[in-house]
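For reference, the chains in residue letters:
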Amino acid sequence: MSAIQLQVLLQTIIQGFLLGGLYALLGIGMTLIMGVMKIINLAHGELMMVAMYIAFVLFSAFHIDPYLSVLVAAPALFLLGAAIQKFLIDPVLKVDSILPENQVILTVGIGMVLANVATMIFKSDYRQTPVDYATTAWYLTDLWKTSPIELSLSLPWTVSFVFAVLITAGLWFFLTKTDMGKSIRATSQDRDAALLMGVNVDRMRMITFGLGSALVGAAGCLFIPIYYIYPDIGGQFTLIAFVITILGGLGSTVGAIIGGLILGLFESLTATYLGMGWAPVGRFVIFVGALIFLPGGVASLLKAKKFK
Amino acid sequence: MIIGLLALLPLIGLSSYVMHILILVIMWSVIGMAWNLLSGYCGQVSFGHAAFFGTGAYTAGMLYSKFGISGWWGLPASIIVVTGFALVIGYICLRLRGPFFALATLSMGVILRITAENLVDFTGGDLGIMIRERTWVEKIWYYYIILAIACGTYLAVKVIIGSKLGYYFVAIREDQDAAESLGINTTFYKTIALCISAVLTGFAGAFYTNYMGYIDPKVVFALHDISIVAIMVVMVGGVATFWGPAVGAVIMVVLAEYIRSLPGLGTAHQTLFGVLLIVIIIFLPNGIVGDFPKLKRLFNMKGAAS
Amino acid sequence: MSFLELKHIYRFFGGLAAIKDVSFEVRQGEILGLIGPNGAGKTTLFNVVNGFYHPTRGEVLFKDQRISGLKPHQICKLGIARTFQVVRPLQRMSVLDNVVASAFLRARDKTEAAQFARDELQFTGLYDERDQISKGLPLGKRKRLEIARALATRPELLLLDESFAGLNPTELDESIGIIRKIKERGITIMIIEHHMKVIMAISDRIVVLNYGEKIAEGTPLEIRNNPLVVEAYLGDTQRA
């Protein structure tokens, strides 16, 4: 392999990794909601879109760095998510109807409203948050003067990745070490048992949806410095979150991380070697493929390994 | 009786615009009844019916653009083409349950749209297909054709639901495992439901091509404007009822037109649809026809209060 | 010719063995009770016989024909019907329609299916409720509806999963009566049940499972006196 080919490959892999970290954050929010509440949230991407617009507005009007916006957007999304859960989703689950898929359809409706309201406020143009450091990067040749290849590590990408890792670690800590986190996991594994053990299941559901929304909100703030935003962007992020969730295994945070990394790598490789246009189709193919061939996701593979 | 009234309606001389609305209403009734068969009665909630609508539409369109024959041949031809697609889509998706089936069908619709956009030599890509020679100038003949399709669809649904198929579909919807244990080959019957539903939707698509004279992937394979509207038509009107889809079609089409005509509110129709969807799901999950007693009580209470 | 034969059935889930080397026979015309503490694998075994699971190892033979590996609806066509532990009626259909739906398996047309359905409703004492929506029925009647539905498929072997759980004494007696009548019709029955009194009373033979393995097989009297069984149920013997 020539130096150039190696360079392209390594760069692609690095990029895929960085992207995967962000994707993982996107997926964790959804898998948490699916695992605990058994709810399919087709408005997941639209929630991220809301957070991105919050970051955009804060940046345009007050010059607040998007990374700081996480501190605003995440709590805001938490409240939004909890409200949605309490006032819209819970009533639907209690209603008796012929179609069991009502809850999915409900989230479609919510997504439509969010996307359309955003269109009315912001119009359909692509917006960005051009931060000063957008093009800053670290170069391998700065460190290793005689390197045969050049690799670059973009600053915003890296910062986003690091933040994503920190947030994921914080979440992991929360879920395993705190009482509330353990209650959430208990509710996810066996709702009735959790009820019997005194867990306030309704409150857990609200908190979980809020938490899932906050996570995706954080992901949005981390994404906007390196991407762009328009009102209908929610759809593709919802899809990405789904692919990761299914790939990783429903309800498994570890699975979501692995799934995110896999998808990130896959998209990066596809973009480099096949061209940008194929990305959406690739996602769908993985999605349907995972649904059919690996319904338990990576998590089921890990579980099987444990027993062998 | 209603059919008779509808048949006589155009003779009183309605404007072209009103005829257009009526035609749309009836077309959406067909799509709604078709979706209702698979999703309302058989319980397999499809989020990708645009796949069948678009396939039917393109069958008609491509017969014209590739073979130079009248797009109307698309109606019978679509039976074969759409069934073929339905079998493939069914093979992939029907093994999945509930929300996963919904997501998979959604994906199918999008995949077909992207495919139609990219196979430019085959489908004309984003430019779409335009039929230059309009079969008729007056709308009245289109009206009768779609009315005939709608009547046929209504009768077909009625006969199917009253037969062994109908029992099996509902049994599958209520509890697929129990149905399977009672000797019902659920895969086979779900596939039948899917194919019938797909073909009927394909008819609507083929009709659409001939009526509008122009199609492109973004229109006929649209997620929000076709697949989700199909769901809304039936959810608003009444799932698993005979007249629900028709009622829903009237409401949705009229509502869409009304909103479009209001100044300043033009682009907001998705928001209002979304809100309507949310309201219906929470308060009238079985639609207007399905939850009619509930609706009556709501209005009676209002009347009593005032 | 053996009627139903389970040969060295194993069923693994991931790495966990839910059923380990279970073999036994069900003789034609008998009522075989399947008992064991919670989690012993009884319903899993039904799922294997019924076709919902394929055995990881071993095979199930029905009238000397291998049925393990067939789909549930094919197994039903061959003559094995089952009820579920958590009753699953077709909720929004009437009692009659519930049974008509399953009667279509053997009936030539809708009229005949309706007739079969009415017959089974009479048999299980649900005829008066035939037009009621099944969702509103009390538990006891819903359990009988499950049985009526299964019977409408004209089975030779009926798998009953906890048909007596949650019933009051009157309902219990009615159900026992129905089971006995089913046996009189010539239908073989394999029944999972926790109600010791009931199982001892109606079974011709009993098989006991614990932790996925068969630990005993014999007549009710032999089982009652079997120390292994008593030990497995330590604490559970109060349940009758």
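What you see is a predicted model; the values in this text were computed from it and never measured. (Residues numbered from 1 in each chain as written. Chains lettered and ligands numbered in written order. Predicted model: local features only at pLDDT ≥ 70, side-chain atom pairs only at ≥ 80, totals over all residues.)

(A) Focus on the overall build of chain A. Secondary structure assignment for chain A yields 13 helices and two strands. Whereas a compact globule of 308 residues would reach a radius of gyration of roughly 19 Å, chain A reaches 20 Å, a difference of no more than 12%. Within chain A, buried positions represent 49% of all 308 residues. Partitioning the contacts of chain A with sequence separation of at least 6, the portion at a separation of at least 24 is 78%. (Helix = DSSP H or I, 4+ residues; strand = E, 2+ residues; numbered from the N terminus. Rg over C-alpha atoms; globule rule 2.2 N^0.38 Å. Buried ≥ 20, exposed ≤ 12 C-beta atoms within 10 Å, placed from the backbone. Contact = placed C-beta atoms within 7 Å.)

(B) A look at the nonpolar core. Judged by nonpolar contacts, the single largest core of 268 residues is most densely connected at Ala218(A) and Val30(B). If we ignore the near neighbours within four places in the chain, the residues touching Ala218(A) are Leu25(A), Val70(A), Ala73(A), Ala74(A) and Ile167(A). (Core = buried A, V, L, I, M, F, W, Y, C linked by C-beta atoms within 7 Å.)

(C) Representation of the sheet that holds strand β8 (residues 188–192) of chain C in the model. All names here are of chain C. Spatially, the six strands line up as an open sheet ordered β6-β7-β8-β3-β9-β10, and their pairing is mixed. Since the sheet does not close on itself, it has two edges, and those belong to β6 (80–82) and β10 (213–218), each with one partner. Shown here is a sheet whose adjacent strand axes are inclined to one another by a mean of 15°, direction ignored. The sheet contact formed by strand β7 (residues 157–161) and β8 spans five bridges and is parallel. Bridging from a neighbouring strand, Leu158 pairs with Ile189 of β8. Taken strand by strand, helix α1 (residues 42–50) contacts β3 (31–35), β6, β7, β8 and β9 (205–210), and its axis lies near 150° from that of β7. (Pairing = 2+ DSSP bridges. Axes fitted to C-alpha atoms, helices over the stretch in contact; angles between N-to-C directions.)

(D) Looking closely at helix α14 (residues 269–283) of chain B. Compared with the 21 Å implied by 1.5 Å per residue over 15 residues, the 21 Å span of α14(B) between its first and last C-alpha is a close match. Among all positions in α14(B), only Gln270(B), Thr271(B), Phe273(B), Gly274(B), Leu277(B), Ile278(B), Ile280(B) and Ile281(B) are buried. Tucked inside the fold, the buried residues of α14(B) contact α3 (66–94) and α4 (102–122) of chain A together with α12 (223–237) of chain B. (Expected span 1.5 Å × (residues − 1).)

(E) Representation of the environment of Leu155(B) in the model. Residues and elements named next belong to chain B. Along the chain, Leu155 falls in helix α7 (residues 140–162). On the basis of neighbour count, Leu155 is assigned to the exposed category, with 11 C-beta atoms found within 10 Å. Along the chain, Leu155 and Leu112 lie 43 residues apart, while their C-alpha atoms are 30 Å from each other.

(F) Region of interest: the pairing of strand β1 (residues 4–13) of chain C. Residue and element names in this part refer to chain C. As defined by bridge partners, β1 adjoins strand β2 (residues 16–26) across seven bridges and the pair is classed as antiparallel. Within β2, the residue paired with Phe12 across the bridge is Ala17. A loop of two residues connects β1 with β2, the two strands running antiparallel in sequence, and Gly14 in this loop sits at a positive phi of about 65°. Strand direction decides the pairing type here: β1 and strand β4 (residues 57–62), joined by five bridges, are antiparallel. Within β4, the position partnered with Glu5 by the bridge is Leu61.

(G) Geometry of the interface of chain B and chain A. With 33 residues of chain B at the contact, the number on the chain A side is 31 residues. Elements with a contribution of two residues or more to the side of chain B that touches chain A: α5 (98–118), α12 and α14 of chain B. No other element matches the ten residues that α5(B) contributes to the side of chain B that touches chain A.

(H) A look at the packing of helix α2 (residues 44–62) of chain A against helix α9 (residues 201–223) of chain A. Residue and element names in this part refer to chain A. At a closest axis distance of 8 Å, the pairing of α2 and α9 adopts a crossing angle of 50°. The angle between α2 and α9 places the two elements in the oblique class. As for the relative orientation of α2 and α9, their crossing is right-handed in sense. Here His44, Leu47, Met48, Ala51, Met52 and Ala55 of α2 lie close against α9, whose contacting residues are Ser213, Val216, Gly217, Ala219, Gly220, Cys221 and Phe223. Looking at the contact of α2 with α9 residue by residue, the class counts come to nine nonpolar, four polar and no charged. (Parallel < 35°, antiparallel > 145°, perpendicular 65-115°, else oblique. Left-handed = near helix turned anticlockwise from the far one by under 90°. Nonpolar A, V, L, I, M, F, W, Y, C, P; charged D, E, K, R; others polar.)

These figures capture arrangement, not role.
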